[in-house]
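Overview (structure and organization)
Okay, here's what each chain looks like letter by letter:
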Amino acid sequence: MPNRRFADGEVLMGRWPGSVLYYEVQVTSYDDVSHLYTVKYKDGTELALKESDIRSQSSFKHRKSQSSSSSPSRRSTSRSRSRSPGRPAKGRRRSSSQSREHKDDKKKTIQETNLALLVLGFLFKPSENNTRRYNGEPDSTEGNDTSCIILEQKLKPDLETEHVLEHYSLRPRKEEKKKEEIYSEKKVFESIKTIEKASSKTKELEFGGRMGTFMLMFFLPATVFYLLLMCKQEDPSLMNFPPPLPALESLWEARVFGVFLLWFFLQALFYLLPIGKVVEGLPLSNGRKLQYRINGFYAFILTAAAIGTLLYFQFELHYLYDHFMQFAVSAAAFSMGLSIYLYIRSLKAPEEELAPGGNSGYFVYDFFTGHELNPRIGSFDLKYFCELRPGLIGWVVINLAMLLAEMKIHNQSMPSLSMILVNSFQLLYVVDALWNEEAILTTMDITHDGFGFMLAFGDLVWVPFVYSLQAFYLVGHPTAISWPIAAAITILNCIGYYVFRSANSQKNNFRRNPADPKLAYLKFIPTATGKGLLVTGWWGFVRHPNYLGDIIMALAWSLPCGFNHILPYFYVIYFICLLVHREARDEHHCKQKYGLAWERYCQRVPYRIFPYIY
């Protein structure tokens, strides 16, 4: 096992990943397995570096002094050689010509180095708003001067030699020099462009990488169809696997696909209506802010009016229940076609418009996670539209269709109490999301994830057809519950909703105006990014109280289905797994972004989602 070179607490110079710049760092720990040093920058950012990327501060000073001491000797040598009296005139002319050519080469090298230094300094200049691939770059301005030491050491001897040769140079060849300067600038900028393109690639792959995302593209649709088929069975027990498969030709119907397209484009029309306010999203990597029209709640009202009109004219809405599997297949086919279109158009998108998490260079992974961050057709934002409109509003319409189907199949004049609870709880959740539509602009779905198969399938298939699983289950498996039990379940859902909404409101209000007198009771830990980490209120109770509220509500949605089968509780199990995955991703992201401040926060708030448990 190799010996460790640097000790904990030692102050050194560490190279910033993806650049040639060195900053002052302090060693905090060493991993004997990976042989990586964990170093801390001045702003609190911690990164793992190889030993070859760390140098002592004394080595920088030694090189600088060595360069200065060697310059006079080279100057005197050059002077003595050029003035040698014993050398013939021809040789002296040849020497002058060679010196001139050598001087031109030196000038070109110096120009390239100067230009590279300026551009690299711009690309990798640490700033508070710089959120490139490495989150939390050092904010110290002192690091900028120190980081250029190596380039200055390489540059200084050439500058001194250039000063000597210039004394004996002949008339400068202006045209040739101009061509050389243009060529050198072009070559340097091409190199910088290549470096920037390579540094923007996605380094850390999620969901099991290429193989995991490839399997998920088959596993997710199979899971949806399995759940729907099981709900159709008289005994939806997990022991009855596999369920009887329908004929393939029965899964597709052109009329159903036409109804789905009509629904999708109707929601697109509502999205384009000039109603509702227009707000700006978070700054992109190039500093630009996109504009979004906030009219999701208005679209919901218009949809409710359209559905009410159809019911008034005796339209059989339970048609959705009778062709539920065909609608799921149509939605899956449409989401796949949309994903193919999104990936093809992303190949022509500029580098700065690609998603930070979907730019790996691997086709399958980028196709799944989404290659382009904000694909737009004019002002029509495809990802933002699909996040809340067709799937989320469609979820409420499907629940209503299941309620009407239950009444018709079981000859009831009123829906069951269980169905009323499921419809009411989930309607509240959807209305809340649409009423607070602006809050989605700060989520990772909008700011980080690209729009690919994952979000397209999730928004158009998973949300409307899996989230409505409880209502679909109750149609074929009615469950009677008493009023006291219904009251207890309602109280549980209200508790979950209160935790969810108050935690999100507390966070959003603090982000907008930390100096609000109404928030004076909140305490926070300051970070190097200028943001604060709340340590009181809901966010001082657990790190992700909004996730806790989500899980409590999901449990309340499933309890009206009883305990005869575990199938209605699939949503709870899925939701817990999803939120644990998101929580792990948030933990990793926050640790990179906030550094030591996040460690202090984790010590102050030890529980992640479940108090005293996890």
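Sequence order as written defines the numbering, with residues in each chain counted from 1. Only residues with pLDDT of 70 or above have their local features reported here, since the model is predicted, and side-chain atom pairs are shown and tallied only from 80 upward, although totals for entire chains, interfaces and linings are computed over all residues. Computation of side-chain values covers all heavy atoms of the structure but excludes hydrogens and water.

1. Things to note about the overall build of the chain
Test applied: Secondary structure elements are defined from DSSP: runs of H or I of at least 4 residues count as helices, runs of E of at least 2 residues count as strands, and each element is numbered from the N terminus. Burial status follows relative accessibility: with a 1.4 Å probe on protein chains alone, a residue under 20% of its type maximum counts as buried, one over 50% as exposed, and anything between as partly exposed. It only takes one pair of heavy atoms within 4.5 Å for two residues to be counted as in contact. Only the protein chains shown count as cover for residues, and the accessible areas themselves come from Shrake-Rupley with a 1.4 Å probe.
Counting secondary structure elements, the chain contains 20 helices and 11 strands. In the chain, which comprises 614 residues, the share counted as buried stands at 46%. Look at the contacts in the chain between residues 6 or more apart in sequence, and 73% of them connect residues 24 or more apart. For the chain, the accessible area works out to roughly 31,900 Å², and carbon and sulfur atoms hold 61% of it.

2. Some remarks on the packing of helix H7 (residues 254–272) against helix H10 (residues 324–346)
Rules: Comment: axis = line fitted to C-alpha atoms, over the contacting stretch for helices; angle = value between 0 and 180 degrees taken between N-to-C directions. Roughly parallel covers angles under 35 degrees, roughly antiparallel covers those over 145, roughly perpendicular covers 65 to 115, and oblique covers all other angles. Here is the rule for handedness: rotate from the far helix to the near one, and if that takes an anticlockwise turn smaller than a right angle the crossing is left-handed, while a clockwise turn gives right-handed. For this classification, the nonpolar set comprises Ala, Val, Leu, Ile, Met, Phe, Trp, Tyr, Cys and Pro, the charged set comprises Asp, Glu, Lys and Arg, and every other residue, Gly included, is treated as polar.
At a closest axis distance of 9 Å, the pairing of H7 and H10 adopts a crossing angle of 60°. What the angle tells us is that H7 and H10 run oblique. When you trace H7 past H10, the crossing you get is right-handed. Mapping the contact onto sequence places Val256, Phe257, Val259, Phe260, Leu261 and Phe264 in H7 and Gln326, Phe327, Ser330, Ala331 and Phe334 in H10. Split into classes, the residues belonging to the contact of H7 with H10 amount to nine nonpolar, two polar and no charged.

3. Examining the pattern of salt bridges
The line we're drawing: Here a salt bridge means any side-chain nitrogen of Lys or Arg lying within 4 Å of a carboxyl oxygen belonging to Asp or Glu.
The tally for this structure, following the rule as stated, stands at seven salt bridges. Between glutamate 437 and arginine 389 there is a salt bridge, and its shortest N-O distance comes to 2.8 Å. Within this pair, whereas glutamate 437 is found in the loop between helix H13 (417–435) and helix H14 (444–447), its partner arginine 389 is found in helix H12 (residues 382–409), the two being separated by 48 residues in sequence. For glutamate 437, a relative accessible area of 1% corresponds to the buried category.

4. Concerning the packing of aromatic side chains
Operational definition: Here a pair means two rings of Phe, Tyr or Trp (six-membered ring of Trp) with centres within 6.5 Å. Their orientation is stacked below 30 degrees between planes, edge-to-face above 60, and tilted elsewhere. Only when the NZ of Lys or the CZ of Arg is both within 6 Å of the ring centre and within 35 degrees of the ring normal is a charge said to sit over the ring.
What the rule picks out here adds up to 46 aromatic pairs. Centre to centre, the rings of phenylalanine 453 and phenylalanine 457 are 5.4 Å apart; their planes meet at 20°, and the pair counts as stacked. With phenylalanine 453 and phenylalanine 457 both in helix H15 (residues 453–466) and four residues apart, this pair spans about one turn of that helix. For the pair formed by phenylalanine 453 and phenylalanine 457, the shared burial category is buried. Connected via pairs of aromatic rings, a cluster forms that spans Phe260, Phe264, Phe265, Tyr271, Tyr292, Phe334, Phe380, Tyr384 and Phe385. One Lys or Arg, lysine 232, reaches over the ring of tyrosine 321 and ends 4.4 Å from the middle of that ring. The positively charged end of arginine 376 is found above the aromatic ring belonging to tyrosine 292, 5.0 Å away from the centroid.

5. Observations concerning the sheet that holds strand E1 (residues 11–15)
Formally: Here a strand pair is declared whenever DSSP counts at least two bridges between the two strands.
Strand order in the open sheet made by the five strands is E4-E3-E2-E1-E5, with antiparallel pairing throughout. Of all strands in the sheet, those bounded by a partner on one side alone are strand E4 (46–49) and strand E5 (54–55). Relative to strand E2 (residues 22–31), E1 runs antiparallel, the two being bridged by five bridges. Paired with glycine 14 across the bridge in E2 is tyrosine 23.

6. Things to note about the nonpolar core
The line we're drawing: Here the nonpolar core consists of buried residues drawn from Ala, Val, Leu, Ile, Met, Phe, Trp, Tyr and Cys, with membership extended through side-chain atoms lying within 4.5 Å. The split of the chain into domains comes from an automatic or database domain assignment.
Counting 109 residues, the largest nonpolar core has Met402, Phe465 and Tyr467 as its most contacted members. In terms of residue count, H12 provides more of this core than any other element does, 16 residues in total. Structurally, this core is a two-domain feature, drawing no fewer than three residues from each of domain 2 (208–236 + 256–479) and domain 3 (481–613). Those residues in contact with phenylalanine 465 that sit more than four places away from it in its chain are Val224, Leu228, Phe324, Phe327, Ala328, Ala331, Ile398 and Leu460. Membership of the second largest hydrophobic core comes to 16 residues, among which are Leu522, Trp539, Tyr594 and Ala597.

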